[in-house]
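# Survey of secondary and tertiary structure
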Amino acid sequence: MRSELHKELQEIAKAYAISKTYWICGDEVPMPFGVCDVWGMSRSKQCETMAIEVKVSREDFRSDSQKLRESLTYPLGNYQYIFCPENLIFPHEIHEKWGLIWWNGKKVVNKKRAPLLEMTAQEKLDALLYFLNNGTNVHRPKLVDKVLGE
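Figured I'd write up the structure that's included with this text. (Residues numbered from 1 in each chain as written. Predicted model: local features only at pLDDT ≥ 70, side-chain atom pairs only at ≥ 80, totals over all residues. Heavy atoms only, no water.)

This next bit is on the overall build of the chain. When helices and strands are counted, the chain shows 5 helices and 6 strands. Reading the secondary structure of the chain in the N-to-C direction produces α-β-β-β-α-α-β-β-β-α-α. Within the chain, buried positions represent 44% of all 150 residues. The contacts of the chain with a sequence gap of at least 6 include a subset with a gap of at least 24, amounting to 51%. (Helix = DSSP H or I, 4+ residues; strand = E, 2+ residues; numbered from the N terminus. Buried < 20%, exposed > 50% of the residue type's maximum accessible area, 1.4 Å probe, protein only. Contact = heavy atoms within 4.5 Å.)

Mapped onto the elements, E123 comes out in helix α4 (residues 121-132). A polar side-chain atom of E123 sits 2.9 Å from the main-chain amide nitrogen of T120. Contact partners of E123, with chain neighbours within four places excluded, come to Y74, P75 and E118. (Polar contact = N/O pair within 3.5 Å; in protein donor to acceptor, adjacent residues only side chain to side chain.)

Attention now moves to the nonpolar core. Within the largest apolar cluster, 19 residues are counted, with the highest numbers of intra-cluster contacts made by M31, W39, I82, I89, I94 and L100. Here I89 is in contact with K55, R58, F61, I82, C84, I94, L100 and W102, once residues within four sequence places are set aside. I12, A17, Y79 and I101 belong to the second largest nonpolar core, which has 17 residues in total. (Core = buried A, V, L, I, M, F, W, Y, C linked by side-chain atoms within 4.5 Å.)

What follows concerns the pattern of salt bridges. Counting across every chain of the model gives 7 salt bridges. K14 is the partner of D27 in a salt bridge, and the nearest nitrogen-oxygen pair spans 3.5 Å. Residue D27 is found in strand β1 (residues 24-31), and its partner K14 is found in helix α1 (residues 4-19); the two are separated by 13 residues along the sequence. For K14, a relative accessible area of 19% corresponds to the buried category. (Salt bridge = Lys/Arg side-chain N within 4 Å of Asp/Glu carboxyl O.)

Here we have 6 strands laid out as an open sheet, ordered β1-β2-β3-β4-β5-β6, and mixed in their pairing. Two strands bound the open sheet, and with one partner strand each, they are β1 and β6 (108-112). Strand-to-strand twist in this sheet, taken as the mean axis angle between neighbours without regard to direction, amounts to 30°. Looking at chain direction, strand β3 (residues 49-54) and strand β4 (residues 79-85) are connected through 5 bridges and run parallel. Paired with E53 across the bridge in β4 is I82. Lying over the sheet, α4 contacts β1 and β2 (34-41), oriented at roughly 90° with respect to β1. (Pairing = 2+ DSSP bridges. Axes fitted to C-alpha atoms, helices over the stretch in contact; angles between N-to-C directions.)

Taken as a whole, this structure holds 1 aromatic pair when the rule is applied. On the basis of an interplanar angle of 85° and a centroid distance of 5.7 Å, the ring pair of F90 and W102 is categorised as edge-to-face. Within this pair, whereas F90 is found in the loop between β4 and β5 (99-103), its partner W102 is found in strand β5, the two being separated by 12 residues in sequence. Taking the relative accessible area as the measure of exposure, F90 reaches 32% and is therefore partly exposed. (Phe/Tyr/Trp six-rings, centres within 6.5 Å; stacked < 30°, edge-to-face > 60°.)

The next point concerns unusual backbone geometry. You will see that T21, though not glycine, has its phi angle at about 75°, which is positive. Take T21: it is sitting in the loop between α1 and β1. With phi around 70°, N87 is a residue other than glycine that occupies positive phi space. One can find N87 in the loop between β4 and β5.

Take α1 next. With 16 residues, α1 ought to run about 22 Å at 1.5 Å a step, and its terminal C-alpha atoms sit 23 Å apart, in line with that. H6, L9, Q10, I12, A13, K14, Y16 and A17 are the residues of α1 that are buried. (Expected span 1.5 Å × (residues − 1).)

Here it is as C-alpha cells:
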C-alpha cells in the first residue's frame, strides 16, 4: 500500500513530467515487470517517453532493485528517473541509465540527468499499450497481432 508521502510525490512527479511536455501522462502504469509510478509520452521530440519511479525510503529503493535492473535490458522509457525526498538517495547510488530527481519540499531539483535510452518504435508502442491498459497487469495481445490477425 502506498503511503501518503508516496502519493504526494507521485502527483508532483506527474506534474513535473507534464511540465516537460510529456502530455500523455499517468500514474501506476503497468509495465512488463511491474508498475511504473509515473509514465509519459511526448508529442514532440519524436514521441519520447519518460518513466519515473518514486522512492520514499531506503528500504523501498533496495526492495525495488530487481525491477530497476530489469529495466536496463527493456527500458521503461527513453528517460528513466528515480524521484525521492532530498538527501534520501544520491547520484553515485543510481545506475548510469537512470537519472535522479529530488523534492526538497518546495521545488523539484534534478540531481542527475537521465541519459537518452534508445527505444524501438515497437518498444514505445508496447509501453503505450501497457499505459492504455488502465491500471491492469492482465496480459493483452499486442495491437500489431490483432491488426494482422497473428
